[in-house]
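Residues per chain are reported as follows:
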Amino acid sequence: MEASSASRNPSTSTTPDEQRRKKRIHLVRHGVTHMNVYLTKNPYGGRGFEDPLDFDTRLTPRGVEQARSLSSRTAELLKLTPSKSSSSPSSFAVVVSPLTRALQTASLAFPSLVDESRRSSSRGGEATAATANATTTTMVSLALARERVWLSSDVGRPRSSLSSEFPHVCFADLPPCDSPWWHGGAEAAAGRVRLEPAGAFRRRVAALREALLSRPEDEIALVSHAGVLEALTGGRFFHNCELVTLMGEELLRVDIVGGDGVEEEEEDGVEGDGFLF
């Protein structure tokens, strides 16, 4: 049963702590990717396993259809969000990992936001924090939401490349001079991919949780990855394009988990399960 309009608007006469606890967070994993398919046929860590060097992997046709199929559910979420005046902050935000598979999923799952962004930006070009805040609902990239770096598929692209393909997304969070925002930086982009240390990954997920709960919106959709969502929810596995809604107070009770493998940057070797990515 859906909550009433009043209960879905935590910003009404509540303290900052109550607002954090009463936020509704909609967690979404991206659709099936080419790397997912490769890993099904070539188990990660198996004998003779090789990284296919599928940098910043994309959705397969099946993954595209999965993401599109979410649009009816997301439309209901947007419809149920209490409206605010244009001078007020948006009451709903879509926060998305800057890896292409997540950006594709968010764009296909929230088509009305893509159209809305295009209409609100008459001059075109890259979405900015100012133009994002001017729209009814925002779609913003957040590097904290990226997947843990395991393989080439978790190495991203520069901001300029992303903003060109996804002009409706605000990439203000990413470095402005096309500097790497993923673990391993230029070395990873050149093919020398190293596993992101477990401790650093868990700290990043904790920072992601804080960033989500500190946003001004009443409801937030996070489009991210299996590893991140598993860590954020205390071990829950997410299928491709699965959508799960939690309250802020539920996220606050969770102990961040995940990050099997090396704890420190200096250690070599790659361990862990290969079903993430």
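Refer to the structure above for everything that follows.
Residues numbered from 1 in each chain as written. Predicted model: local features only at pLDDT ≥ 70, side-chain atom pairs only at ≥ 80, totals over all residues. Heavy atoms only, no water.

Caption draft 1: Looking closely at the overall build of the protein. Looking only at helices and strands, the protein features 12 helices and 5 strands. Sorting the 277 residues of the protein into buried and exposed places 51% on the buried side. Sequence-distant contacts in the protein: of pairs separated by 6 or more residues, those separated by 24 or more amount to 80%. When the accessible surface of the protein is split by element, carbon and sulfur atoms take 50% of a total near 12500 Å². (Helix = DSSP H or I, 4+ residues; strand = E, 2+ residues; numbered from the N terminus. Buried < 20%, exposed > 50% of the residue type's maximum accessible area, 1.4 Å probe, protein only. Contact = heavy atoms within 4.5 Å. Areas by Shrake-Rupley, 256 points an atom, 1.4 Å probe, with all protein chains shown as cover.)

Caption draft 2: Molecular detail of the packing of aromatic side chains. By the definition in use, this model includes 5 aromatic pairs. Ring centres 5.4 Å apart and planes at 80° place the aromatic pair Tyr-44 and Phe-49 in the edge-to-face group. Residue Phe-49 is classed as partly exposed on the basis of its relative accessible area of 22%. Taken together, Tyr-38, Tyr-44, Phe-49 and Trp-150 form an aromatic cluster joined through their ring pairs. One cation-aromatic arrangement involves Arg-148 over Trp-150; the distance from NZ or CZ to the ring centre is 4.8 Å. (Phe/Tyr/Trp six-rings, centres within 6.5 Å; stacked < 30°, edge-to-face > 60°. Lys NZ or Arg CZ within 6 Å of the ring centre and 35° of its normal.)

Caption draft 3: Geometry of the environment of Gly-31. By the element assignment, Gly-31 lies in the loop between β1 (24–29) and α2 (34–41). For Gly-31, a relative accessible area of 0% puts it in the buried group. Each C-alpha atom, one on Gly-31 and one on Ala-106, is 9.7 Å from the other, the two residues being 75 residues apart in sequence.

Caption draft 4: Main features of the pattern of salt bridges. Counted according to the given criterion, the structure contains 12 salt bridges. The partner of Glu-196 in a salt bridge is Arg-204, and the shortest N-O contact between them spans 2.9 Å. Through salt bridges that share partners, Asp-56, Arg-58, Arg-157 and Glu-165 make up one connected network. (Salt bridge = Lys/Arg side-chain N within 4 Å of Asp/Glu carboxyl O.)

Caption draft 5: Representation of the packing of helix α3 (residues 61–69) against helix α5 (residues 100–109) within the structure. Two elements in contact, α3 and α5, have axes whose closest approach is 7 Å; the angle formed by their N-to-C orientations is 40°. Considered as vectors, α3 and α5 are oriented oblique to each other. You can see that α3 and α5 cross each other, and the crossing is right-handed. Side by side, α3 and α5 meet where Val-64, Ala-67 and Arg-68 of the first sit next to Thr-105, Leu-108 and Ala-109 of the second. Of the residues in the contact of α3 with α5, the class split is 4 nonpolar, 1 polar and 1 charged. (Axes fitted to C-alpha atoms, helices over the stretch in contact; angles between N-to-C directions. Parallel < 35°, antiparallel > 145°, perpendicular 65-115°, else oblique. Left-handed = near helix turned anticlockwise from the far one by under 90°. Nonpolar A, V, L, I, M, F, W, Y, C, P; charged D, E, K, R; others polar.)

As far as function goes, none of this settles anything; it's purely spatial.
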